[in-house]
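A closer look at the structure
Spelled out from the first residue to the last, the chains are:
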Amino acid sequence: MGKVLIIAEAGVNHNGSIELAKRLADEAKLAGADIVKFQTAKPENLVSKSARMAEYQKENTGKDESQYAMLKRLMLPFEAYDEIFNYCKSIGIMPLSTPFDIESINYLDKKDMPFWKVPSGEITNLPYLIAIARTGKRVVMSTGMANLDEVKAAVDVLKKYGSGDVTVLQCNTQYPTPYSDVNLNAMITMKNELGLPVGYSDHTKGIEIPIAAVAMGATIIEKHFTLDRNMEGPDHKASLEPDELALMVKSIRNVEAALGDGIKETSDSERGNIAIVRKSIVAKCDIKRGDIFTEENITTKRPGTGISPMKWFEVLGKKAIRDFNEDELIEL
């Protein structure tokens, strides 16, 4: 892709408001993210009426209700995404949304999205994976809660049924994720075992871990963000606020630039320092013409504009071709 793809995950942090969704798109654009991503589902297709909230959802919302009741408040209707996607394109940021059911896949397939983002919870949902794969689009898949065999099985399904290229993201689905459970090295394991590009979907507090993931070779970073962490909802507390998102994007771009091409050679910025900080062979004391160069009368000092000290043994034993004053560069 040429550079790390940064996905600003708005998710359901719009709290069911189209206007808040647009404001989130504005902030993602200002922060320098490549994509702003939402979540699309019909609650009745996603959860049964009796499915309970996760513990983190109870803690983050202060409520103990069914997932269905929570999602009814948070999810936007399909038609809302027509307006949201058009708005995103009008301000110059790519919109994306994760489908959580097959009806949502069919709806979003008509949208101009560059790839599918498969959430961690669908990695063992065979009908869902087949529906995604049959569109032929590229897939970016989070792997939270999964072991390596489950990831391999999901990738096999996607490839068998015709998906485009697949990228897998290391992920932990606890909001926020304890640092001790991040396991960035698992990203490298998946890269080696699957032979696929990898990335990282982050739910930790702060920005350190996504930056570290980029240094380790992540090609995609996904991070939740919100307008205000104090807003009501399940994901706000594990999300970045706009200034933090901007700092993360800037930091990733700095790390990305610093990684370079891997060729060990003199950089343009330091080339002029060679003569300043390297050393040359110089006279340790005054030397007369015809004197033999020895360890008693020559040494190494800056600047590096003379004979390199790497030629030390080529100089020792030679005769001085002229008089040299102390500290003068030796010539042969």
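So, here is what we can say about the structure in this document. Remember, predicted model here, so these are calculated numbers, not experimental data.

Conventions adopted
Residues numbered from 1 in each chain as written. Predicted model: local features only at pLDDT ≥ 70, side-chain atom pairs only at ≥ 80, totals over all residues. Heavy atoms only, no water. Helix = DSSP H or I, 4+ residues; strand = E, 2+ residues; numbered from the N terminus. Rg over C-alpha atoms; globule rule 2.2 N^0.38 Å. Buried < 20%, exposed > 50% of the residue type's maximum accessible area, 1.4 Å probe, protein only. Contact = heavy atoms within 4.5 Å. Areas by Shrake-Rupley, 256 points an atom, 1.4 Å probe, with all protein chains shown as cover. 1 Å grid on protein atoms, 1.4 Å probe; cavity = no way out; pocket = protein on both sides within 12 Å on 5 of 7 lines; lining within 4 Å. Points joined across faces, edges and corners; volume = space filled by probe spheres on them. Nonpolar A, V, L, I, M, F, W, Y, C, P; charged D, E, K, R; others polar. Arc of directions from axis to C-beta. Core = buried A, V, L, I, M, F, W, Y, C linked by side-chain atoms within 4.5 Å. Phe/Tyr/Trp six-rings, centres within 6.5 Å; stacked < 30°, edge-to-face > 60°. Lys NZ or Arg CZ within 6 Å of the ring centre and 35° of its normal.

1. Overview of the overall build of the protein chain
- When you go through the protein chain residue by residue, the secondary structure sums to 13 helices and 10 strands.
- For the protein chain, the C-alpha radius of gyration of 29 Å lies well beyond 20 Å, the compact-globule estimate for 332 residues.
- In terms of overall dimensions, the protein chain has a C-alpha envelope of 100 × 40 × 40 Å along the principal axes.
- Counting every position in the protein chain, which comprises 332 residues, the buried fraction comes to 48%.
- In the protein chain, the share of contacts with a sequence separation of at least 24, taken over all contacts with a separation of at least 6, comes to 67%.
- Accessible area of the protein chain: about 16,100 Å², with a carbon and sulfur share of 49%.

2. Section: the layout of surface pockets
- For the largest pocket, the calculated volume is near 670 Å³.
- Gln 39, Tyr 56, Gln 57, Phe 100 and Tyr 175 are, among the 31 residues lining the largest pocket, the residues nearest its centre.
- At the level of secondary structure, the elements contributing two or more residues to the lining of the largest pocket comprise β2 (35-40), α3 (55-61), α4 (67-74) and β8 (220-224).
- Sorting elements by how many residues they give to the lining of the largest pocket places α4 first, with three residues.
- The residue makeup of the lining of the largest pocket, split by class, is 14 nonpolar, 11 polar and six charged.

3. So, the side chain of Lys 117
- Summarising the element assignment, Lys 117 is placed in strand β4 (residues 116-118).
- If we ignore the near neighbours within four places in the chain, the residues touching Lys 117 are Lys 37, Leu 96, Thr 98, Pro 99, Tyr 128, Val 140, Ser 142, Leu 169 and Glu 222.

4. Here's the deal with helix α9 (residues 185-194)
- Within the span of α9, buried status applies to Ala 186, Met 187, Met 190 and Leu 194. Down the axis of α9, the buried side of the element spans an arc of 110°, and every buried residue falls inside it. Structural note: α9 exposes Asn 185 and Asn 192 on the side pointing more than 90 degrees away from its buried face.
- In this structure, the buried residues of α9 make contact with α8 (148-160), β6 (166-171), β7 (198-202) and α10 (208-215).
- Just beyond α9, the residue with positive phi is Gly 195, at close to 65°.

5. Observations concerning the nonpolar core
- Within the largest apolar cluster, 75 residues are counted, with the highest numbers of intra-cluster contacts made by Val 36, Met 141, Val 168, Ile 221 and Phe 225.
- Sequence-distant contacts of Val 168, defined by excluding residues within four places in its chain, comprise Met 141, Thr 143, Val 151, Val 155, Met 190, Leu 194, Leu 196, Pro 197, Val 198 and Gly 199.

6. Considerations on the packing of aromatic side chains
- Per the stated rule, a full pass over the model turns up three aromatic pairs.
- The interplanar angle of 85° and the centroid separation of 6.3 Å between the aromatic rings of Tyr 81 and Phe 85 together place this pair among those described as edge-to-face. Separated by four residues within a single helix, Tyr 81 and Phe 85 lie in helix α5 (residues 78-91), roughly one turn from each other. Across the pair, exposure class does not vary: Tyr 81 and Phe 85 are buried alike.
- Across the ring face of Tyr 68, the terminal group of Lys 49 is positioned such that the distance to the ring centre comes to 4.6 Å.
- Sitting over the ring of Trp 116, Lys 137 keeps its end group 4.8 Å from the ring centre.

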